[in-house]
Amino acid sequence: MKINSPLEAYKYLPQTNCGECGQPTCMAFASTLIDRSGKTTDCPPLIKEKKFAKKLAELDRLLAPEIRQVTIGVGERAANIGGDDVLYRHKLTFFNKTKMFFDVADNMDEAAIVERVKKISDYKKFYIGRNLLLDGVAIRAASNDPAKFATAVKKVIENTELPVILCSFNPAVLKAGLEVAKGKNPLLYAANKDNWKEVGELALEYNVPVVVSAFNDLDGLKTLAKTFAEAGIKDIVLDPGTYPTGKGLKDTFTNFLKIRRAGIMGDTEIAYPIMAMPLTAWMAGIADPVSASYWETVLSSIFTIRYGDIMLLHSMEPYATMPEVHLAETIYTDPRSPVAVDSKMYKVGNPTADSPVLFTTNFALTYYTVESDLASNGIDCWLLAVNTDGIGVEAAAAGGQLTADKVKDAFEKSGFDLKSDVTHNSVVIPGLAARLQGDIEDKLNVKVMVGPMDSGRLPGWMEKNWPPKK
């Protein structure tokens, strides 16, 4: 039986409110255990005192996710996959974002391998306050030659800190790659009904995670997973096959649903992360590379939404990667807490004492939209993010999260003085918060100018209304 509330976790804690965990109370610490921002090891009394040993063991068991979490790679860029507790994110949240690995083949020349690996490693897309990155490199043994594969693996790990997947059904090839990648904790792809014994022995010998693969055969997949678990292999990833089109695609979708539903409902023999392979779009007989990239993105979208924990992809074109990383970021955003920026005064460009002062809410999408509209049009200004608990302007103004008192409080906490830091004693407020104009004038004792409803119209509005008339 899982526990899902701080009160349930609190029963297993020392209840001394000692503060050694960094939280003011044991109840506050229990909250961090439920949202996974804290771990039981953060509580020194729980770990050190023998009288709590039984409670610690029971608490760890009750907090363990329904779907096993598997780690690939080492260091800061290690990829955690799985670890979910729910079928639908609104019930709690999805914790580990779908990880996207892009392929290189060992029959590429060394310069091409290095160039592609650097492109994967250096990919960065800025989106509402954070950089969206790619997660790893899948090295395919297209040559089926152990020596050639080992050379390719060596070249990849020399040029990136990203985790890697070693891809071959030939145990000899996998062993050659493992020798080169010692200490890197790569994922082995894959064990199937023909090679399971040899690949299982490699996973045990090198202590690395492994994929078990059975295309459109859930009974066979479960048997392989159970066999590996009984042999002592804990970090298992499931590959039920990804068919790119037609009835096969329908079967693949159904298989993903069945596996995840069974795992969440308590079938521990199949409660492992699932691998999707959208790169099979390139094997679907689509001659046009643009169309193949498009269909790969469609497959990626399907299985990002429906339980694909890790993916193997090929196309690096911006029109393919951007939708993939954006969708994953959106689906794995915690629905319990809107994405927010720090509530403070920000500089846009190089503002002076004569520059306009504006405010918006601290909802990240709102803030970065306004900031982008100002910066891209060369408007130097001061932009205050008012703490509205991560809610946008219109909803916050209607719901009471954005008030004149909140705006006054935000200015005071930012340390920005409208009397001395600027010469015009004026504030531009969002058009969607026009109802607050009078109250803000009374609270701040400044001239309040109502800006446009849409921040995209700010450049034209500034031309007509700035500087303010005395």
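Now for a description of the structure that goes with this document. These numbers were taken from a predicted model, which means no experiment stands behind them. (Residues numbered from 1 in each chain as written. Predicted model: local features only at pLDDT ≥ 70, side-chain atom pairs only at ≥ 80, totals over all residues. Heavy atoms only, no water.)

Our focus in this paragraph is the pattern of salt bridges. On inspection of all chains with the given rule, the structure shows 22 salt bridges. Asp194 is paired through a salt bridge with Lys193; the nearest N and O atoms lie 3.5 Å apart. Lys222 is the salt-bridge partner of Asp267, the closest N and O atoms lying 2.8 Å from each other. On the criterion of sequence distance, the pair formed by Asp267 in the loop between helix H10 (246–264) and strand E11 (275–276) and Lys222 in helix H9 (residues 218–230) is long-range, its members being 45 residues apart. Taking relative accessible area as the criterion, Asp267 reaches 24% and is therefore assigned partly exposed. Salt bridges here are not isolated pairs; linked through shared partners, they connect Glu110, Lys154, Lys155 and Glu158. (Salt bridge = Lys/Arg side-chain N within 4 Å of Asp/Glu carboxyl O. Helix = DSSP H or I, 4+ residues; strand = E, 2+ residues; numbered from the N terminus. Buried < 20%, exposed > 50% of the residue type's maximum accessible area, 1.4 Å probe, protein only.)

Let us now look at helix H4 (residues 53–63). Listed as buried for H4 are Leu56, Leu59, Leu62 and Leu63. Viewed along the axis of H4, the buried residues span an arc of 130°, placing them on a single side of the element. Structurally, H4 contributes buried residues whose contacts are with helix H1 (6–10), helix H2 (26–34) and helix H3 (44–48). (Arc of directions from axis to C-beta. Contact = heavy atoms within 4.5 Å.)

Residue Ala190 is bonded to the preceding Tyr189 through a cis peptide linkage, with omega at 5°. Take Ala190: it is sitting in strand E8 (residues 187–191). For the bond running from Trp466 to Pro467, omega is 5°, close enough to zero to count as cis. Secondary-structure assignment places Pro467 in the segment after helix H17 (458–465). Positive phi, normally seen in glycine, also occurs at Arg36, with a value near 65°. Its location among the elements puts Arg36 in the loop between H2 and H3.

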